[in-house]
Amino acid sequence: MIFLYSAYYKNANEDPVCFYDNSVSGFGINGANHALTLIDPVLTLEDSLAGEFNFTITQDNLAYDEIEKLTTVIEVWKNGSVYWRGRITEQSSDFFKQISMHSEGSMAYLNDSFAPYKVYNNIPVDEYFKNLIRNHNKIMEEKGDNDKIINIGNVTVTGNVARKVTNYENTMTLVQELLDNYGGHLQMVYDHDGYQAINWLADYPRQSTQAIQFRTNLMDYTSQFDESDFCTAVIPLGEKIKRT
């Protein structure tokens, strides 16, 4: 199967505009449309994370002067459907005025809200999760950031929160805490009209039985070791003396 990918940008109160289409783009290719060409566009997705879309844009592209950091909505479409949505968070320009852009997925909008002080006692974990998302949406509505509203999708993780006190932590931190304690997978789903929802699934409903094999269907692999947390010697000192 050949996948057709495209990218759109959307500014406030405007319709999405296509600025990349892999079926007609390409530098030095006969018939290519440079107005719809990006350099090295790469969409990276990871389980339960926002994902990122990185690319470099040239002055030939129709969106060169239209994309604004943090405000412009970026969408990646796959075979005619919205596959990913996010915002530009980093930009850098080179000598040739080519702009490299880094964008994060819309799940990261949860970093823009906070959970006020509230005490939860003996509440189902799914209801606690939904309360966090509802509170996020309330804050976005008050700020007029409707593009950052995230609807509640399917929640199939079960459990019970015996006691939890929220105290102005950002929403994403609290959601990540739920993942660490109760497991499951976060998943964003989208529609053409700007609708987006977050699922918290105990398990994915469909799983592939295809084996992952190097040089067959494994496109890239990176291994990294960080020595900053590595200890070369440990000296046990025992417990501190308690004074009364």
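Here the structure is shown first, and the text comes after it.
My aim in this report is to walk through the structure given alongside it, one point at a time. (Residues numbered from 1 in each chain as written. Predicted model: local features only at pLDDT ≥ 70, side-chain atom pairs only at ≥ 80, totals over all residues. Heavy atoms only, no water.)

**Digging into a nonpolar patch on the surface**
To keep things clear, this is the line we draw: To count toward a patch, a residue needs a relative accessible area over 30% and no salt bridge; like charges are then connected within 9 Å, while nonpolar side chains (Val, Leu, Ile, Met, Phe, Trp, Tyr) are connected within 5 Å. Only the protein chains shown count as cover for residues, and the accessible areas themselves come from Shrake-Rupley with a 1.4 Å probe. The rule for a salt bridge is simple: a side-chain nitrogen of Lys or Arg has to be within 4 Å of a carboxyl oxygen of Asp or Glu. The secondary structure listing takes helices from DSSP runs of H or I that are at least 4 residues long and strands from runs of E that are at least 2 residues long, numbered from the N terminus. In this scheme, a residue with accessible area under 20% of its type's maximum is buried, one over 50% is exposed, and one in between is partly exposed, where area comes from a 1.4 Å probe on protein chains only.
A cluster of nonpolar side chains, contributed by F114, Y117, V119 and Y168, occupies part of the molecular surface with about 420 Å² of accessible area. Mapped onto the fold, F114 is located in strand 8 (residues 114-115). A relative accessible area of 38% places F114 in the partly exposed class.

**Digging into helix 2 (residues 171-182)**
The test is simple: In a helix, the anticipated span is given by 1.5 Å times the number of residues less one. Comment: arc refers to directions from the helix axis out to C-beta atoms. Pairs of residues are marked as contacts when any of their non-hydrogen atoms sit within 4.5 Å. Between N or O atoms, a polar contact is any pair within 3.5 Å; within protein, one atom must be a potential hydrogen donor and the other a potential acceptor, and residues adjacent in sequence are included only when both atoms are from side chains.
Taking 1.5 Å per residue, 12 residues should reach 16 Å; helix 2 reaches 16 Å between its end C-alpha atoms and fits that length. Within the sequence span of helix 2, burial applies to T171, M172, L174, V175, L178 and L179. Around the axis of helix 2, the buried residues are gathered within 165° of arc, so they sit on the same side. Structural note: helix 2 exposes D180 and N181 on the side pointing more than 90 degrees away from its buried face. Close packing links the buried residues of helix 2 with strand 8, helix 1 (125-143), strand 11 (160-166), strand 12 (169-170), strand 13 (185-190) and strand 14 (196-201). The distance from a side-chain oxygen at the start of helix 2 to the backbone nitrogen of M172 is 3.0 Å, and the residue carrying that oxygen is N170.

**Some points on the pattern of salt bridges**
Counted according to the given criterion, the structure contains 8 salt bridges. Note that E127 is salt-bridged to R134, the shortest N-O span being 3.1 Å. According to the relative accessible area criterion, R134 is partly exposed, its value standing at 39%. Across the pair D145 and K143 runs a salt bridge whose closest N-O atoms are separated by 3.9 Å. The class of D145 is partly exposed, set by a relative accessible area of 24%. With relative accessibility at 48%, the residue K143 sits in the partly exposed group. Beyond isolated ion pairs, a larger network of salt bridges with shared partners links R87, E104, D112, K143, D145 and K148.

**Structural notes on the side chain of N199**
Of note, N199 is situated in strand 14. Given a relative accessible area of 6%, N199 falls into the buried group. Looking at N199, its side chain comes within polar contact range of the main-chain nitrogen of N154, at 2.7 Å. Dropping the residues within four chain positions of it, N199 is found in contact with G153, N154, H185, L186, Q187 and V189.

Taken by themselves, the reported measurements are silent on function.
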